[in-house]
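Descriptive structure summary
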Amino acid sequence: MSFAPLPAPVQPLSHPFPASVAVDVLRLDLLHPVVSGNKWFKLKHYVEDAKAQGKKNLLTFGGAYSNHLVATAAAAEMHGLASIGIVRGEEPAVWSHTLRDAKRYGMDLRFVSRDDYRRKSDPQNVCSEQEDTCIISEGGAGEKGVQGAADILSAHNTKHYTHIITAVGTGTTLAGLATAAEPHQSIIGIVVLKNAFSLQQEIEAMLPGQKHRSFSLLFHYHFGGYARHTPELLRFMNDCFATSSIATDFVYTGKAFFATVDLLKAGHFPSGSRVLLVHTGGLQGNRSLKKGALIFP
Ligand SMILES: *Cc1c(COP(=O)(O)O)cnc(C)c1O
């Protein structure tokens, strides 16, 4: 898989609310079975620059369930680079699917204590070899991540959408969308962490220049916090699959889809609105749910 612009399909979301508001889903989840979604875009410039500078390794950070970790491992393998993953916390007795996938892509996984992990802003603390190594911040955040995420909107004609919605973790993806959006488009971020109010400022700081697009963050769709879920959320995800055949994950996109439908229900979008809901991928995260919790694989 290359980093050429990938035309992810756009699919309407069926919903029982006024037909005067159309919702289209941008299916970044269909780009790759494991490296699905926004992580691919956020890595693009890191990988291209690493190759241009003749680096041999990509090094990055994440927890045992990090979509970013496995995406980095896969991207490195596809581009003939080695990869090192600094994993937060002791090595677990049983490895998560995420860690096993990362390993399968050849990633050298190094488990570090939570204290050392916290000091990772100086990578010297967690890793000695750096000459040949391109260091990617956790989650692919940073300027290159924002630049890459801006390309999410460019593969299609997206200018006619009035609203663009995405799930928000670090906010890098949202910052990219805000950079690329048209002035008339409202950017809405569904924050999946509990009480992460500092994101507003953090995202503003990622937007270069003074003329940045404004965006709004919704903080009340976290369902208990990061990677938490409720029966209501899982029921919604099953309903969504039954009516639109779109699978979502419980960490990010399930919450973003739930919020979108909830906003429709509340009449948030004026008549004639055209909403683009970005499916940021991450479906492999569902493997940590109990068997049978979801009606889709
Ligand atoms: C990482 C991730 C996000 C969050 O992206 P940020 O750029 O960190 O806000 C959203 N959706 C999925 C599926 C992800 O894996």
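Let me begin by describing the structure that accompanies this report.

1. Structural notes on the pairing of strand E5 (residues 108-112)
Taken together, the 5 bridges between strand E4 (residues 82-88) and E5 define a ladder with parallel strand orientation. Note on E5: the bridge partner recorded for Ile84 is Asp108.

2. Observations regarding the packing of helix H8 (residues 231-244) against helix H9 (residues 253-265)
Put simply, H8 and H9 touch, their axes get as near as 10 Å, and they point 80° apart. When the axis of H8 is compared with that of H9, the two are roughly perpendicular. Across the interface between the two elements, Glu232, Leu233, Phe236, Met237 and Cys240 of H8 pack against Gly254, Lys255, Phe257, Phe258 and Val261 of H9. The residue inventory of the contact of H8 with H9, partitioned by class, reads 7 nonpolar, 1 polar and 2 charged.

3. Some remarks on the packing of aromatic side chains
Counted according to the given criterion, the structure contains 8 aromatic pairs. Arranged with centres 6.4 Å apart and planes meeting at 80°, the rings of Phe61 and Tyr117 form a pair that is edge-to-face. Taken together, the residues Phe61 in strand E3 (residues 57-62) and Tyr117 in helix H4 (residues 114-118) connect sequence positions 56 residues apart. A single burial state applies to Phe61 and to Tyr117, both of which are buried. Pairwise contacts between aromatic rings join Tyr221, Phe223, Phe236 and Phe258 into one cluster.

4. Considering the nonpolar core
One finds Leu13, Ile190, Met237, Phe257, Phe269 and Leu277 to be the most contacted residues of the largest nonpolar core, which totals 35 residues. Residue assignment for this core shows that the elements contributing at least two residues are strand E2 (22-27), strand E7 (163-168), strand E8 (186-191), H8, H9 and strand E10 (274-279). The element that contributes the greatest number of residues to this core is H9, accounting for 7 residues. Core analysis: the second largest hydrophobic core is formed by 27 residues, Tyr161, Val191, Leu217 and Val278 among them.

5. Describing the site of the ligand
Around the ligand, the structure places 14 residues, and the nearest of them are Lys39, Asn67, Thr170, Thr173 and Thr280. Between Gly171 and the ligand, the recorded distance is 2.8 Å, taken from a backbone N or O atom to an oxygen atom. Relative to its free-state accessible area of 390 Å², the ligand is covered by the protein chains to the extent of 97%. Listed by contribution, the elements that provide at least two residues to the shell around the ligand are helix H1 (38-52) and helix H6 (172-180). No other element matches the 3 residues that H1 contributes to the shell around the ligand.

6. A look at unusual backbone geometry
You will see that Phe223, though not glycine, has its phi angle at about 50°, which is positive. Counting through the fold element by element, Phe223 comes out in the loop between strand E9 (215-218) and H8. On the basis of relative accessibility, which here comes to 12%, the residue Phe223 falls in the buried class. If you check the backbone angles, Ser245 has positive phi at about 55° while not being a glycine. Within the fold, Ser245 resides in the loop between H8 and H9.

7. Focus: the environment of Ala73
Among the secondary structure elements, Ala73 is positioned in helix H2 (residues 67-78). Under the relative-accessibility criterion, Ala73 is labelled buried at 0%. Taking C-alpha positions, Ala73 is 29 Å from Leu234, a pair spaced 161 residues apart along the chain. Discounting chain neighbours no more than four positions away, the residues touching Ala73 are Ser83, Ala102, Tyr105 and Met107.

8. Details of the sheet that holds E2
Spatially, 6 strands are ordered E1-E2-E10-E7-E8-E9 in an open sheet, and the strand pairing comes out mixed. The outermost strands of the open sheet, each flanked by one partner alone, are strand E1 (10-12) and E9. With direction set aside, neighbouring strand axes in the sheet form an average angle of 25°. In terms of strand pairing, E8 meets E9 through 4 bridges, oriented parallel. Its bridge partner being in E9, Ile187 is matched across the sheet by Phe215. Running at roughly 150° to E9, helix H7 (residues 199-206) makes contact with E7, E8 and E9 of the sheet. Contacting E2, E7, E8, E9 and E10, H9 runs over the sheet at an angle of about 165° to E10.

Rules of the game
- Residues numbered from 1 in each chain as written.
- Predicted model: local features only at pLDDT ≥ 70, side-chain atom pairs only at ≥ 80, totals over all residues.
- Heavy atoms only, no water.
- Pairing = 2+ DSSP bridges.
- Helix = DSSP H or I, 4+ residues; strand = E, 2+ residues; numbered from the N terminus.
- Axes fitted to C-alpha atoms, helices over the stretch in contact; angles between N-to-C directions.
- Parallel < 35°, antiparallel > 145°, perpendicular 65-115°, else oblique.
- Contact = heavy atoms within 4.5 Å.
- Nonpolar A, V, L, I, M, F, W, Y, C, P; charged D, E, K, R; others polar.
- Phe/Tyr/Trp six-rings, centres within 6.5 Å; stacked < 30°, edge-to-face > 60°.
- Buried < 20%, exposed > 50% of the residue type's maximum accessible area, 1.4 Å probe, protein only.
- Core = buried A, V, L, I, M, F, W, Y, C linked by side-chain atoms within 4.5 Å.
- Near = heavy atom within 4 Å.
- Polar contact = N/O pair within 3.5 Å; in protein donor to acceptor, adjacent residues only side chain to side chain.
- Areas by Shrake-Rupley, 256 points an atom, 1.4 Å probe, with all protein chains shown as cover.

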